[in-house]
There are 4 protein chains.
Amino acid sequence: MISKQTIELDRREQILKISLRQFAKNGYHKTKISDIVREAGVAQGTFYWYFKSKEAIALEIIQNGQIHFLEVVAQGYRQTTGSVQDAIKSSEKLFEDLFNFAENNKDLIELLLKGVESEDSVYQLINETWVKIEEAFQRNIKRATELGILPEKDPSLQSALLISLIEGTLLRWLFGPKDSTLTKKTANELAKEMVRFEFFGLLGI
Amino acid sequence: MISKQTIELDRREQILKISLRQFAKNGYHKTKISDIVREAGVAQGTFYWYFKSKEAIALEIIQNGQIHFLEVVAQGYRQTTGSVQDAIKSSEKLFEDLFNFAENNKDLIELLLKGVESEDSVYQLINETWVKIEEAFQRNIKRATELGILPEKDPSLQSALLISLIEGTLLRWLFGPKDSTLTKKTANELAKEMVRFEFFGLLGI
Amino acid sequence: MISKQTIELDRREQILKISLRQFAKNGYHKTKISDIVREAGVAQGTFYWYFKSKEAIALEIIQNGQIHFLEVVAQGYRQTTGSVQDAIKSSEKLFEDLFNFAENNKDLIELLLKGVESEDSVYQLINETWVKIEEAFQRNIKRATELGILPEKDPSLQSALLISLIEGTLLRWLFGPKDSTLTKKTANELAKEMVRFEFFGLLGI
Amino acid sequence: MISKQTIELDRREQILKISLRQFAKNGYHKTKISDIVREAGVAQGTFYWYFKSKEAIALEIIQNGQIHFLEVVAQGYRQTTGSVQDAIKSSEKLFEDLFNFAENNKDLIELLLKGVESEDSVYQLINETWVKIEEAFQRNIKRATELGILPEKDPSLQSALLISLIEGTLLRWLFGPKDSTLTKKTANELAKEMVRFEFFGLLGI
DNA sequence: AATGAATGAGTGTTCATTCAT
DNA sequence: GATGAATGAACACTCATTCAT
């Protein structure tokens, strides 16, 4: 039997999901409440029973996404014992988790990557999400440097470069032209390539 | 004497410039024609004497920008004789030119980096710009591989990674928090760091 | 023991009371059913179990109020024997009763005085209330004229002037600025002043 | 020849006039912008070319009205030499001016008398208008008291009573039932009756 | 009796675009 | 070339009312 609770959650969840997809696909401004409710098969007013405003639902979507995204990043890193091999392995693991998450949450990632021109508050929250992810990576780099795995350098620059790689790769992997070599790679393959570039650059083997 | 022709060009140029700045600063959708003409000190109708529509001016702005941007990228690369040292040098040169151009054309870069959620046609043109730049880099990578400077790998992946680095770095360098270590670097310093990472990765010296 | 009947009456009474206060305080249009039910602690649908519509509850509130108001006005007047002194005394008594009633029914009075811009039907009923009160006063004036207490004049004008005085005084006394000399008067004092003006005008002692 | 200036003023003036009439007739909340523009024969957007918002136009209407109304009240009073006869004469003159103004500006008076339930800012401005008029009357009463024409009493109460008379009389004279004896009076007759009541009360001759 | 989710017609406002002058 | 008044299709949001449970 489906309880009231379940129905409400479902409807709310459904609107959240539809909104996320539309925000991701068409952007914040071009997504109209009327489109969302049409797809959900409910009346315009129903949207406002569950959500205070367009801005509010966007913020909730991103907030949720941020939490899940950060969980992945936080869990992905295992403590390394000290060898470069270990660092590479755990980095691969992290990237693979991250890419898998991204693949399973394409809409969220698209919104986080493209949803730049929205309400200010929404923009801020998206920004905050990337900053937090960058901070997580920075912590890992610092630890690796302290363990002597990585040479001493400006960790903020390093993490910035890393995040740049990740953002750009996600964009091209998930939303690039369907026939590119990049699009066809699996999360695992991509993680390996990324790590190779991360540690050894273009010259690395 | 200033001819009518000149005046027209000036006014047209002025509106283009103002529009670029406003598109960059506030985004495509949040930029209103009324704001543009107010800043330009002309009537609403005047805008439509020079430009067919909001979409048209955005396209023209990006088209112009694309041409200049590609010129820099095209000129940046000199022919390499074959040594890794040369490749590094010329890569540094390219990055430095690119960063200098970006610094002198902040508005354009901001629009190209953030202006994702606009009209479809505008989005496509921005996309095309990055693709063309990526292609330019890809050609260079291929040549370096043929010359034996770089090891054999998927050049489309390599250029994708490179462009990702560039985009992310530009975003953080030009539009990141004012007090970060990244923001304070000069174009030359940044180019050197980029190249180091490009060729040697995190482990490189 | 509280019977179901009692509970229902209570709940109904409670909603009526809350609605009256909100109508008075915020006006008919700015009072939302959602506000009323929130304050009553019941669901939106419950309101419509007890009342047909927003208009219906407003009409009922005013209808009730009209009855009580008219009772006061009807009881207020005692038969006068014929002397001016008696007329003044009984007029004072009436005003005092009326002011006391108003003080104990501020919300109702506020609604009757300010609730002008509501549904047409509501407006009509408020109007009717004042007309009936005016008629009561007019009857008294006529009787006083027949008894030779008051000089012969157009009684409809006289009662109109009287009601005007009452309405304006109530408005200022109950809802005027808290620090005015008017606001601080008691019902009895006010009644005396009113009667003095009523019978003798500005020149009267 | 009709200059642009004239046309603009006309259109603006026209919308102001239509809005005033609709606000007066239907109240602030029930007056829709769509009704106003329909009557004016212009598009919805045109309204917003001339006025910032519904609230803004209401405020402008009342502000204008307040100025004209106060002018009448200010001019109406002549300095009195000291006799009661003079005071009565000048009071009659003032009331007559006031009633004439009201007759020629029925819509404004209706809005000022009935437009109680509007936006807060609008409500405040209407209130302010009556307060200023009351102050003008109060000044006159004080002067008359100093000259020994009126007996010493609380002038704030006296002016309050006077304004109450005026408001109530206007309401009934201009908007009362068409067949009443009151409605049929001329401004001059009404002024005389008012003054009689003002100075001598019901007992006065 | 009571709930609260759902409805949908309406409301003020915005803004790119047009056009008579 | 230039003006700025005029347009009207949207759009986000509100709220009295309904109804299945």
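How each quantity is defined
- Residues numbered from 1 in each chain as written.
- Chains lettered and ligands numbered in written order.
- Predicted model: local features only at pLDDT ≥ 70, side-chain atom pairs only at ≥ 80, totals over all residues.
- Contact = placed C-beta atoms within 7 Å.
- Helix = DSSP H or I, 4+ residues; strand = E, 2+ residues; numbered from the N terminus.
- Least-squares fit on C-alpha atoms with pLDDT ≥ 70 in both.
- Near = placed C-beta within 6 Å.
- Nonpolar A, V, L, I, M, F, W, Y, C, P; charged D, E, K, R; others polar.
- Expected span 1.5 Å × (residues − 1).
- Buried ≥ 20, exposed ≤ 12 C-beta atoms within 10 Å, placed from the backbone.
- UniProt positions renumbered as here; feature names shortened; annotations may be inferred.

Caption draft 1: Local environment of the interface of chain A and chain B. Listed as interface residues are 35 residues of chain A and, on the opposing side, 34 residues of chain B. The leading source of residues in the side of chain A that touches chain B is helix α8 (residues 155-175) of chain A, at 12 residues.

Caption draft 2: Focus on the relation of the copies chain C and chain D. Take chain C, turn it by 179°, move it 0.1 Å along the axis, and it overlays chain D with an RMSD of 0.2 Å. In short, the pair behaves as if placed about a two-fold rotation axis. Nearest to the rotation axis, the C-alpha of G201(C) is located 1.9 Å from it, this being the minimum over chain C. Looking at the interface residues of chain C, 100% of them are also at the interface in chain D, so both copies use one shared face.

Caption draft 3: Quick look at the protein's contact with DNA strand E. G45(A), A43(C), G45(C), G45(D) and S53(D) are the nearest of the 36 residues found near DNA strand E. In the surface near DNA strand E, the residues fall into 11 nonpolar, 14 polar and 11 charged.

Caption draft 4: Focus on helix α9 (residues 187-200) of chain A. The end-to-end C-alpha distance of α9(A) is 20 Å, a good match for the 20 Å that 14 residues give at a rise of 1.5 Å each. Those residues of α9(A) that fall on the buried side of the exposure criterion are L190(A), A191(A), E193(A), M194(A), V195(A), F197(A) and E198(A). In this structure, the buried residues of α9(A) make contact with α5 (84-104) and α8 of chain A together with α8 (155-175) of chain B. Two residues or fewer past α9(A), G201(A) is found with a positive phi of approximately 70°.

Caption draft 5: Looking closely at the UniProt feature "DNA-binding region" (unreviewed entry) in chain A. When the UniProt feature table is mapped onto this chain, "DNA-binding region" (unreviewed entry) is found at residues 32-51 of chain A. As annotated, residues 32-51 of chain A comprises 75% helix and 0% strand, and the C-alpha atoms at either end are separated by 14 Å.

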